[in-house]
Amino acid sequence: MIFPELIINSKNWSYLCQARKSRRLPHAILFHGPQGTGKEGHALELAAMLNCTEEDKSPCGHCPSCKKTKSFQHESVKLILPLPRGKISSSNVSSMKAFRNEKALTDYLAMLKEKSQDPYYNIQVTGANTILINSVRELKHDVSMSTVNNEWKVILIFQAEKLCVPSPTAAHALLKVLEEPPDQTIILLVSSQPNIILDTIHSRCQSLYFPPISSSVIQSQLEKAGQDPVQAAVISRISSGNLALSRQLRDDYSGIMEKLFIFLNSCFSQDPSVWEKCIDISARLKNNNFLQLEQFFRCAIIFFRDLLYYSITKVDDEIIYTDQVDKIVKLCQTYPKGDWQACIKHIENTQNYILRNGYLPLMITNLIIDIQKAIQGKYHMPFELSDWTLV
């Protein structure tokens with residue numbers, strides 16, 4: 001294998017190996033499932049296997065073909081993913097014009113290098129919201145060319161749902177290749193949002209689903225990397241089968257927990273300075289890395305989920321924050337009328353409104369007020385987006 005650290009989905013990999021052995025590989029395969037389940041890594045492994053020179057150990061990970069596939073330098077393996085428009089002025093311009101300057105290109109190459117070292121790394125190019133039709137037109141030209149030594153031409157399309165966002169122009173351009181694929185050519189689409197992809201593309205692809213990775217496997221991986229066992233147990237359950245997310249949480253576990261407890265303190269405090277600190281943290285997370293803000297809200301939701309679970313069952317066997325059991329029990333005893341389900345709903349609404357560019361300080365303030373009322377068991381109509389957005 002070219003990625004020894006990749007957690008192989010045995011069912012899907014067995015199917016791919018058998019299909020290749022029997023010469024019945026589909027000409028197009030859609031790898032889909034939640035984020036962080038190794039879909040892109042499996043697609044790269046298949047690309048390496050098809051052109052590996054060591055038949056008995058395919059993919060061996062050591063032959064020149066495997067090394068070039070892993071480093072995105074194989075002449076018969078093409079990668080397509082969302083790119084910014086950059087200097088592109090028409091559909092006939094090279095996709096390399098997507099990079100406005102040398103720094104943008106250097107950053108992209110650095111992301112490819114990171115991906116070659118970590119199959120779970122998610123390539124996110126700044127300003128890239130769609131797969132350009134320029135990339136698909138270049139693909140159509142590439143697949144028409146002959147290869148050396150009868151190699152497989154492999155087209156990797158990461159974040160394939162972006163073929164259809166904001167318009168399906170690139171998807172329609174791809175259909176022609178899917179309808180009449182050249183010999184020895186395979187197109188591997190990878191997506192965490194397959195529902196966005198056109199039905200006409202779905203119908204031309206073999207579908208392989210990659211389910212969430214089990215919490216026990218993620219916990220084992222974290223412990224092997226040196227994570228504290230209690231923290232590993234918490235992170236493995238917070239990440240919900242997303243190995244990439246578990247690594248991000250691992251790298252900043254103490255920081256995320258510190259921010260979470262500041263938020264929780266604000267929910268149980270009347271001190272304006274505590275509220276201001278929570279607002280400041282949320283604003284910085286949004287400005288620096290929206291993904292971290294989403295993780296922050298997710299951790300908060302799971303904490304209130306633990307409160308809800310214990311308030312109903314009075315047992316702690318399914319509490320996710322196992323290192324906070326005493327605090328969860330005490331809060332449930334202190335606030336017996338707490339509507340923890342309402343707290344979760346308020347957090348989810350606030351996260352959605354922030355995503356839609358609502359005014360963050362006002363939204364966080366209202367969130368704290370809403371949660372404090374819910375903790376006391378007071379029912380009220382939640383604020384609507386129009387209440388939380390500056391006019």
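Source: prediction; values computed, not measured.

Novice: Where do I start with the state of the cysteines in this structure?
Specialist: What we call a disulfide is simply a covalent bond connecting the sulfur atoms of a pair of cysteines. Tallied over the entire structure, the rule returns zero disulfides. Between C52, a cysteine without a disulfide, and C60, which holds the nearest cysteine sulfur, the sulfur-to-sulfur distance is 3.6 Å. C278 takes part in no disulfide bond, and the closest cysteine sulfur to it belongs to C267, at a distance of 6.8 Å.

Novice: Just to check I follow, could you spell out the packing of aromatic side chains for this structure?
Specialist: Note on aromatic pairs: each is described by the distance of the centres and the angle between the planes. One pass over the structure, following the stated rule, counts eight aromatic pairs. Here the aromatic rings of F31 and F210 are separated by 5.6 Å at their centres, their planes lie at 20 degrees, and the arrangement is stacked. Here the residue F31 occupies a position in strand 1 (residues 28-32), and F210 occupies one in the loop between strand 5 (206-209) and helix 8 (215-224), the gap between them amounting to 179 residues. Each member of the pair F31 and F210 is classed as buried. Ring centres of F268 and Y335 lie 5.4 Å apart, and the angle between their planes is 45 degrees; this geometry places the pair in the tilted category. Of this pair, F268 sits in the loop between helix 11 (253-267) and helix 12 (272-288) while Y335 is found in the loop between helix 14 (325-334) and helix 15 (340-355), placing the two residues 67 residues apart along the sequence.

Novice: Help me understand the nonpolar core, please; the structure alone is not making it clear to me.
Specialist: The nonpolar side chains of a soluble globular protein tend to be buried with one another. Core analysis: the largest hydrophobic core is formed by 106 residues, its most contacted members being F31, L46, F263, F304 and Y321. With 13 residues, helix 13 (residues 290-313) is the largest single contributor of residues to this core. In contact with L46, not counting residues within four places along its chain, are W13, L16, I29, F31, I186 and L188. Of all hydrophobic cores here, the second largest spans 25 residues; its members include I155, L163, A171 and L189.

Novice: Please explain the environment of L308 as it appears in this structure.
Specialist: Turning to its location among the elements, L308 is positioned in helix 13. Along the sequence, L308 and C343 sit 35 residues apart, while their C-alpha atoms lie 9.5 Å from each other. Not counting residues within four places of it along the chain, the set of residues in contact with L308 comprises W340, Q341 and I344.

Novice: I would appreciate a short explanation of the environment of L222 in the present structure.
Specialist: Mapped onto the elements, L222 comes out in helix 8. Counting along the chain gives eleven residues from L222 to A233, while the straight-line C-alpha distance between them is 8.7 Å.

Novice: What's the story with the pairing of strand 3 (residues 153-157) in this structure? I'm lost.
Specialist: Looking along a regular strand, one sees the side chains alternate between the two faces of the sheet. Within strand 3, five of the five residues are buried, leaving the element largely enclosed by the surrounding structure. Neither face of strand 3 is left uncovered, since the one carrying K153, I155 and I157 and the one carrying V154 and L156 both have all their residues buried. When strand 2 (residues 77-80) meets strand 3, the two strands line up parallel, connected through four bridges. Counted as the bridge partner of V77 is V154 from strand 3. Across five bridges, strand 3 lies against strand 4 (residues 185-191) in parallel orientation. Within strand 4, the residue paired with V154 across the bridge is I186. In the classification by handedness, the crossover that spans strand 3, the intervening helix 6 (residues 169-179) and the parallel strand 4 is right-handed.

Novice: In this structure, what is going on with the pattern of salt bridges? I would like to understand it.
Specialist: Within this structure, the stated rule accounts for twelve salt bridges. Between E75 and K68 there is a salt bridge whose closest N-O contact spans 3.3 Å. Among the salt bridges present, the one from R250 reaches D251, with a minimum N-O distance of 3.1 Å. Here D251 falls in the exposed class, since its relative accessible area comes to 58%. Here the salt bridges do not stand alone but share partners, grouping K78, E138 and D142 into one network.

Thresholds applied
- Residues numbered from 1 in each chain as written.
- Predicted model: local features only at pLDDT ≥ 70, side-chain atom pairs only at ≥ 80, totals over all residues.
- Heavy atoms only, no water.
- Disulfide = S-S within 2.5 Å.
- Phe/Tyr/Trp six-rings, centres within 6.5 Å; stacked < 30°, edge-to-face > 60°.
- Helix = DSSP H or I, 4+ residues; strand = E, 2+ residues; numbered from the N terminus.
- Buried < 20%, exposed > 50% of the residue type's maximum accessible area, 1.4 Å probe, protein only.
- Core = buried A, V, L, I, M, F, W, Y, C linked by side-chain atoms within 4.5 Å.
- Contact = heavy atoms within 4.5 Å.
- Pairing = 2+ DSSP bridges.
- Right-handed = clockwise from strand over helix to strand, strands pointing away.
- Salt bridge = Lys/Arg side-chain N within 4 Å of Asp/Glu carboxyl O.

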